[in-house]
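Observations on chain architecture
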Amino acid sequence: MIPGELTPLIVSFLLGILFGTQVGGHVDKKVVATVVFLGICAAYVLGPFPFFKTLIGGFLAPRLAFSNTFLGALFGLLVGMAIRGGGRR
Amino acid sequence: MIDIKALRGIIAVVAIGIVAAAVSIALVNMTGKVNPGVSQLYNSLAYLVAPNNLATWVYDWRGFDTLIESLVIYVGSFGSVLALGRGIVKLKEYSEKETYEGAAEPRPLDTSEVSLPVILRLFGVPAAILVTAYAIFVVTGSSTSGGGGFQCGVILSSAYLLAAILYGRKYMPLKFTPRFMVGLACAGMAGYTLLGFPGLVTTGYFLYNVGADVWKIAPPIVKAIFGLPWMLKLELAEGVFFSSPGTIPPINVSEAFNVAGCLILLFFAFLYGWSEGEKK
């Protein structure tokens, strides 16, 4: 991985945390499970950006490529929700 | 008696026909007379900056134009909320008597979760979270793929609107506070403006992309700071190139903050309204 592939991942994760801290309401384990499952499906559908090599798509299984930045954003959101206790607000 | 609806239809068809004929004649007359102008130069240099040529055009060579557009959104949003939303946004300094007499009292939009269909109740929150993740995905791929700050802001505000319409204020999953939205918009506008200064200080050109440095005039250390984190290896038919979009991605993130903050602020003020005295 060269810096141009890593930096968007870090930025998306940090932005995910920022917006994740604003998520509240009815967020329980079922919602989190749905988000993770649908998020992984969406990451596969979206795929990596052009000229990006993902860990799976670039090195382990070239035909199976996920969008790193989408997954980074998704897990950032989950971390942000966990930090602020999203489900209890 | 003349059928007004039928008459309107005929007028519309005639008007569309006239416009279509005028555009077609103009296009035919343009054959062989189009000067590529600066486009040729732009296209020959664009790949040195970012794989997404459009991002290079909009945020690098026309970066100043885009900055002013961002300012228009910023001023427009805050102006609308404060002027048209008078009576909705209740500032501490103004009392209830100072609102326009006879102005219709805004009725905050609120829905009951019980009235929602099952599928919306179950998938509303995941959809809002996934759309937020998609918005972040779009802004981080601004220089390499289709997307950018404007799109991210609009997608993020649609996530908010979706959640607002489905759940109402009480059960709202995206609890963006007014303070957060104002802060987001201000940080975005300030970030975009401040990103023009490295170019101004080191090269004399405001908003010059010091990270990409197409004209080789930026100091190497400044080029490394802004360019290296976004450096990509482009494997093209013409060869292998290392290019960096430089300040384009951070500008896009700032733009996204500005657009998202402004649009969500508008939605919030006109859907619910708030007063400064309430919980931040």
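Definitions and cut-offs
- Just so you know, the residues in each chain are numbered from 1, in the order the chain's sequence is written.
- Just so you know, chain letters begin at A and ligand numbers begin at 1, following the order they were written in.
- Selection of residues for local features in this predicted model requires a pLDDT of at least 70, selection of side-chain atom pairs for listing and counting requires 80 or more, and totals for whole chains, interfaces and linings are taken over all residues.
- With hydrogens and water excluded, all non-hydrogen atoms of the structure serve as input to the side-chain values.
- At least two bridges found by DSSP between two strands is the condition for calling them paired.
- Helix and strand assignments come from DSSP, with helices taken as H or I runs of at least 4 residues and strands as E runs of at least 2, each series counted from the N terminus.
- UniProt positions are given in the numbering used here, feature names are shortened, and annotations may be inferred rather than shown by experiment.
- Throughout, a contact is declared for two residues whenever any of their heavy atoms are within 4.5 Å.
- Each of two parts loses accessible area, computed with a 1.4 Å probe, when they are put together; buried area is these two losses added.
- The salt bridge definition used is simple: a Lys or Arg side-chain nitrogen within 4 Å of an Asp or Glu carboxyl oxygen.
- Each polar contact in these results corresponds to two N or O atoms within 3.5 Å; when the atoms are within protein, one needs to be able to donate a hydrogen and the other to accept it, and residues that are neighboring in sequence are counted only if both atoms are side-chain atoms.
- Classification used: nonpolar for Ala, Val, Leu, Ile, Met, Phe, Trp, Tyr, Cys and Pro, charged for Asp, Glu, Lys and Arg, polar for all others including Gly.
- Each patch is built from residues that are more than 30% exposed by relative accessible area and take part in no salt bridge. Like charges join if they lie within 9 Å; nonpolar side chains (Val, Leu, Ile, Met, Phe, Trp, Tyr) join within 5 Å.
- Note that accessible areas follow from Shrake-Rupley with a 1.4 Å probe, and for residues the cover is restricted to the protein chains shown.
- A pocket here means an open set of points on a 1 Å grid, computed over the protein atoms alone, that has protein on both sides within 12 Å along at least five of seven lines. A cavity is instead a set of points where a 1.4 Å probe fits but cannot get out; residues with an atom within 4 Å of a point line either one.
- Grid points are joined across faces, edges and corners, and a volume is the space filled by probe spheres set on the points.
- Within 6.5 Å between ring centres, the rings of Phe, Tyr and Trp (the latter by its six-membered ring) count as paired, and their orientation is classed by plane angle as stacked under 30 degrees, edge-to-face over 60, tilted in between.
- When accessible area is computed with a 1.4 Å probe and restricted to protein chains, residues below 20% of their type maximum are described as buried, those above 50% as exposed, and intermediate ones as partly exposed.
- One confidence number per residue, pLDDT, is output by the predictor and ranges from 0 to 100.

Here we take up the pairing of strand 3 (residues 239-243) of chain B. All names here are of chain B. Where strand 2 (residues 232-236) and strand 3 come together, five bridges link them in antiparallel fashion. Bridging across to strand 3, Leu234 finds its partner in Phe241. Counted between consecutive antiparallel strands, the loop separating strand 2 from strand 3 contains two residues.

In this section: the UniProt feature "domain: Na+/H+ antiporter MnhB subunit-related protein" (unreviewed entry) in chain B. What UniProt calls "domain: Na+/H+ antiporter MnhB subunit-related protein" (unreviewed entry) maps, in this numbering, to residues 122-261 of chain B. Strand forms 7% of residues 122-261 of chain B and helix 60%; the C-alpha atoms that close the span are 27 Å apart.

Interfaces are frequently sized by the accessible area removed from exposure as the parts join. With 38 residues of chain A at the contact, the number on the chain B side is 38 residues. Across the chain A to chain B interface the summed buried area is about 3200 Å²; carbon plus sulfur atoms make up 82%. Three residues stand out in chain A for area buried against chain B, namely A:Phe19, A:Gln22 and A:Phe51, and they jointly supply 22% of the buried area on that side. At the surface where chain A touches chain B, the tally comes to zero salt bridges. Seen at the junction of chain A and chain B, the total is four residue pairs in polar contact (both at pLDDT 80 or more). Elements with a minimum of two residues in the side of chain A that touches chain B: helix 1 (3-20), helix 2 (29-46) and helix 4 (68-84) of chain A. The element that contributes the greatest number of residues to the side of chain A that touches chain B is helix 1 of chain A, accounting for 11 residues. A per-class count over the side of chain A that touches chain B returns 22 nonpolar, 13 polar and three charged.

Residues and elements named next belong to chain A. There is a patch of nonpolar side chains on the surface, built from Met1, Leu6, Ile10, Phe13, Leu14, Phe75, Val79 and Ile83 and spanning about 710 Å² of accessible area. For the nonpolar patch, the elements supplying multiple residues, two or more each, are helix 1 and helix 4. In terms of residue count, the dominant contributor to the nonpolar patch is helix 1 (four residues).

This part takes up unusual backbone geometry. Residues and elements named next belong to chain B. Residues other than glycine seldom take positive phi values, yet Leu207 does so here, at roughly 65°. Mapping Leu207 onto the fold places it in the loop between helix 8 (197-203) and helix 9 (220-227). Unusually for a residue other than glycine, Asp213 sits at a positive phi of about 50°. Within the secondary structure layout, Asp213 lies in the loop between helix 8 and helix 9.

What follows is about empty space enclosed by the protein. The final tally for this structure, using the stated rule, is one cavity of 30 Å³ or more. Reported here for the largest cavity is a volume of approximately 40 Å³. Lining the largest cavity are A:Gly4, A:Pro8, A:Phe52, B:Thr140, B:Ser143, B:Thr144, B:Trp230, B:Leu232, B:Pro245 and B:Pro249.

What follows covers the packing of aromatic side chains. Think of a pair of aromatic rings as described by two things: how far the centres are apart, and how the planes are tilted against each other in angle. Tallied over the full model, the rule gives 13 aromatic pairs over all chains. Where A:Phe19 meets B:Phe176, the ring centres are 6.2 Å apart and the plane angle is 65°; that geometry is what we call edge-to-face. Taken together, the positions of A:Phe19 in helix 1 and B:Phe176 in the loop between helix 6 (149-167) and helix 7 (178-194) put the pair across two chains. With respect to class, A:Phe19 is no different from B:Phe176; both count as buried. Centroid distance B:Tyr74 to B:Phe78: 4.8 Å. Interplanar angle 45°. Geometry classified as tilted. Placement of the pair is B:Tyr74 and B:Phe78 together in helix 4 (residues 63-83), with a separation of four residues, close to one helical turn. When its relative accessible area of 19% is taken as the criterion, B:Phe78 is described as buried.

Moving on, we come to the confidence of the model for chain B. Residue and element names in this part refer to chain B. In this model, chain B carries an average pLDDT of 82, and 84% of its residues clear a pLDDT of 70 or more. Below pLDDT 50 for its whole length, residues 98-104 participates in five contacts with residues either more than four positions away or in separate chains. Of the two predicted TM-score estimates for the complex, the pTM is 0.81 and the ipTM is 0.90.

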